[in-house]
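# Architecture and fold: a report
Chain by chain, the residues:
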Amino acid sequence: MFDTEHSFPTQAFIGGRWEDARDGRTFAVIDPATGDLIANVADCSEADTVSAIEAAHGAQAGWASTTAAERATILRRWRDLFVEHADDLATLLMRENGKPFAEARGEVLYGASYLEWFSEEARRVYGDIIPAPAGNKRVLVIRQPVGVCAAITPWNFPNAMLSRKVAAALAAGCTMVAKPAEDTPLSALAIANLGAQAGVPDGVFNVVPTSRPKLVGGALTGSDLVRKISFTGSTQVGRLLLEQAAGTIKKTSMELGGNAPFIVFDDADLEAAADGLMLSKFRNAGQTCVCANRIFVQAGVMEKFSDLVRERVSRLKVARGDVAGADIGPLINANAVRKVERLVDSACRDGAKLVIGGERHAAGELFYTPTILANVQPRMDIAQEEIFGPVVAMISFNTEAEAISMANDTPFGLAAYAYTRDLGRAWRIGERLDYGMVGINDSALSNAAAPFGGVKQSGMGREGSRYGLDDYLEIKYLLMGGLGA
Ligand code: SIN
């Protein structure tokens, strides 16, 4: 699959060339499951970032002037290469992120689905003709690419979060400079490699890996040539990027942290709710922004629902991603494990009851045992913060109004879930939860055709779906006058 001296690329990809960092620095990428070194990767700084921005700027006009059909063909070829090399991409992703191989492969195909989706949407960037104020005038609206975009992507989905940004940007006619997370830069470089094979012209897509995110992030946000920043990551970093981007008034898309409520009513299909919870809570060992974080269960079914969840959690296999049947891999790094420990310990000190788990796992230093906590209270840290680990925090409620009020009592608003068989309640809940995405009797929200994104401090903008292109397009109003009577 790869054509460098390594079995996979480890240099920066700038203007269609593989390059070392100008100051010669590299940084180590470590397998979180074993602690082994996977590769030393070019450690870019401002100078490399500026050169990538200039490459993207140089390619912008040419790329914007390609036809939608040309862009669609390249994106489709890129998608086909993802599918053809899905096992290689998944192996790389599993090694740098730790998630089980089957999940890593699922992520690669999820990433491919965005390339496919936007290869089709590229052809549907329509304008408008608006009734004019006089007979000799015409009012038109056209939509044009915003220009050079920067993508700053997270370690929890090193493939799919970049794929959905670059697919939308390139479909719209924008060029891009991507900065992948320092824990997981290899998937991004592999994606760039396949992009070049698919025919993405030099400079249209550039990747600057770094262990110095402030330097590279600062160069991206500070540049006048970069017209848009698309970020997926924590609310804290999003806030900082928004402040920095204000200096040059950039368009921004922010997919930030969540604190997802998962509400189980006493009329729900409890087996389906337990299955849905497992899917949402334990994907990527609980390290997703849309993970169920606070599990609200109506008092009358708490015992039965807890038993169903406990039975399922006790069957989870914690192991390295390459072990057959692995469900739960390691957390990404030592800080992540310490955070989960802190939240579980403080919840227990404050009166939560440990049902199962609550400790590190023998599989390795960064593995945490799937855990259930009962009797969690909404004011505990574990219910206020994003856990980002394999921990189910159960909170009891009595009425629908109480559930909605507790669920909305957070500055975040990314994803929410509710299980009920009552149709009226399903609509009320869907409309009253202050979240960008609500799953009713289903917890698998992610889908290239659907708009992914949050409200409140979970961010702004939408990724995927027909709305996802809007984030990469500017609206231009054209007034045509002097047309005669
Ligand atoms: C995320 O956790 O940020 C993304 C999850 C997804 O796209 O499904």
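Our structure's up above, just so we're on the same page.
One numbering rule holds for all chains: residues counted from 1, following each sequence as written. At least 70 in pLDDT is required for a residue's local features to be given in this predicted model, at least 80 for side-chain atom pairs to be given and counted, and no such filter applies to totals for whole chains, interfaces and linings, which use all residues. Just so you know, side-chain values use all the structure's heavy atoms and leave hydrogens and water out.

## Here we look at the overall build of the protein
What counts here: Every helix listed is a DSSP run of H or I at least four residues long, and every strand listed is a run of E at least two residues long, numbered separately from the N terminus. Note that the radius of gyration is over C-alpha atoms, with the globule rule given as 2.2 Å times the number of residues to the power 0.38. Here's how the labels work: a residue is buried when its accessible area is under 20% of the maximum for its type, exposed when over 50%, partly exposed in between, all with a 1.4 Å probe on protein chains only.
Of the regular secondary structure elements, the protein holds 14 helices and 22 strands. For 485 residues, the compact-globule formula gives about 23 Å, and the C-alpha radius of gyration of the protein, at 23 Å, lands near that figure. Seen along its three principal axes, the alpha-carbon backbone of the protein occupies a region of about 75 × 65 × 40 Å. Looking at the protein as a whole, 56% of its 485 residues qualify as buried.

## Remarks on a nonpolar patch on the surface
So the rule is basically this: Patch membership is restricted to residues that have no salt bridge and whose relative accessible area is over 30%. Joining uses 9 Å for like charges and 5 Å for the nonpolar side chains Val, Leu, Ile, Met, Phe, Trp and Tyr. Accessible surface area values rest on a Shrake-Rupley calculation with a 1.4 Å probe, where residue burial reflects the displayed protein chains alone. For salt bridges, the criterion is a side-chain nitrogen of Lys or Arg within 4 Å of an Asp or Glu carboxyl oxygen.
The grouping of Ile142, Leu478, Met480 and Leu483 at the surface amounts to a nonpolar patch, some 300 Å² of accessible area in total. Residue placement: Met480 occurs in strand β22 (residues 473-480).

## Considerations on the packing of aromatic side chains
To describe a pair of aromatic rings, one takes the distance between the centres and the angle between the planes. Where we set the bar: Under the pairing criterion, centres of Phe, Tyr and Trp rings, with the six-membered ring standing for Trp, must be within 6.5 Å; the plane angle then separates stacked pairs below 30 degrees from edge-to-face pairs above 60, leaving the rest tilted. In this scheme, the term charge over a ring applies when either NZ of a lysine or CZ of an arginine sits within 6 Å of the ring centre and within 35 degrees of the ring normal.
Taken as a whole and judged by the stated rule, the model has seven aromatic pairs. Between the aromatic rings of Phe13 and Trp18, the centroid separation amounts to 4.6 Å while the plane-to-plane angle is 45°, which identifies the pairing as tilted. By relative accessible area, which is 6% here, Phe13 ends up buried. For the ring pair Tyr110 and Tyr114, a centre distance of 5.1 Å and an interplane angle of 65° mean the geometry is edge-to-face. Taken as a pair, Tyr110 and Tyr114 lie in helix α4 (residues 101-121) at a separation of four residues, close to a single helical turn. Tyr114 shares its class with Tyr110; the two are buried. Three or more aromatic residues joined by ring pairs make a cluster, and in this case those are Phe262, Tyr417 and Tyr419. Over the aromatic face of Phe157 sits the side chain of Lys99, whose NZ or CZ is 4.1 Å from the ring centroid. When the ring centre of Tyr472 is taken as origin, the NZ or CZ atom of Lys228, which lies over that ring, is 4.8 Å away.

## Points about the packing of helix α3 (residues 86-97) against α4
When two helices pack together, their arrangement is given by the angle between the helix axes and the distance between those axes. Selection rule: Lines fitted to C-alpha atoms define the axes, with helix axes restricted to the stretch in contact, and inter-axis angles between N-to-C directions lie between 0 and 180 degrees. Throughout, the term roughly parallel applies to angles under 35 degrees, roughly antiparallel to angles over 145, roughly perpendicular to angles from 65 to 115, and oblique to all others. A clockwise turn of the near helix away from the far one marks a right-handed crossing, whereas an anticlockwise turn of less than a right angle marks a left-handed crossing. Only heavy atoms matter for contacts: two residues are in contact if any of them lie within 4.5 Å across the pair. Three classes are used: nonpolar for Ala, Val, Leu, Ile, Met, Phe, Trp, Tyr, Cys and Pro, charged for Asp, Glu, Lys and Arg, and polar for all others, with Gly counted as polar.
Relative orientation of the contacting elements α3 and α4 amounts to 120°, with a least axis distance of 8 Å. As far as their axial angle goes, α4 and α3 are oblique. Seen along the crossing, α3 lies across α4 with a hand that is right-handed. Facing α3, whose interface residues are Ala86, Asp87, Leu89, Ala90, Thr91, Leu93 and Met94, α4 presents Phe101, Ala104, Arg105, Glu107, Val108 and Leu109. Taken together, the residues of the contact of α3 with α4 break down into nine nonpolar, one polar and three charged.

## Considerations on the sheet that holds strand β13 (residues 292-298)
Selection criterion: At least two bridges found by DSSP between two strands is the condition for calling them paired.
With mixed pairing, the seven strands of this open sheet are ordered in space as β14-β15-β16-β13-β12-β18-β19. This sheet does not close on itself; its edge strands, each paired only once, are β14 (353-356) and β19 (437-440). Averaged over all adjacent pairs, the angle separating strand axes in this sheet is 25°, with direction ignored. Strand direction decides the pairing type here: strand β12 (residues 260-264) and β13, joined by five bridges, are parallel. Within the sheet, the bridge partner assigned to Ile263 lies in β13 and is Phe296.

## Observations concerning the sheet that holds strand β5 (residues 128-130)
Paired through backbone hydrogen bonds, the strands of a sheet run either parallel or antiparallel to each other. What the three strands build is an open sheet, ordered β5-β6-β22; its pairing is antiparallel. Of all strands in the sheet, those bounded by a partner on one side alone are β5 and β22. The average angle at which neighbouring strand axes cross in this sheet is 25°, direction not considered. Note: β5 against strand β6 (residues 138-145), three bridges, orientation antiparallel. Bridge pairing in β6 places Ile130 opposite Val139.

## A few points about the environment of Gly436
Within the secondary structure layout, Gly436 lies in the loop between α14 (423-432) and β19. As a C-alpha pair, Gly436 and Asp470 span 34 residues in sequence and 17 Å in three-dimensional space. Discounting residues that sit within four places of it in the chain, Gly436 has contacts with Gly413, Leu414, Gly453, Gly454, Val455 and Arg462.

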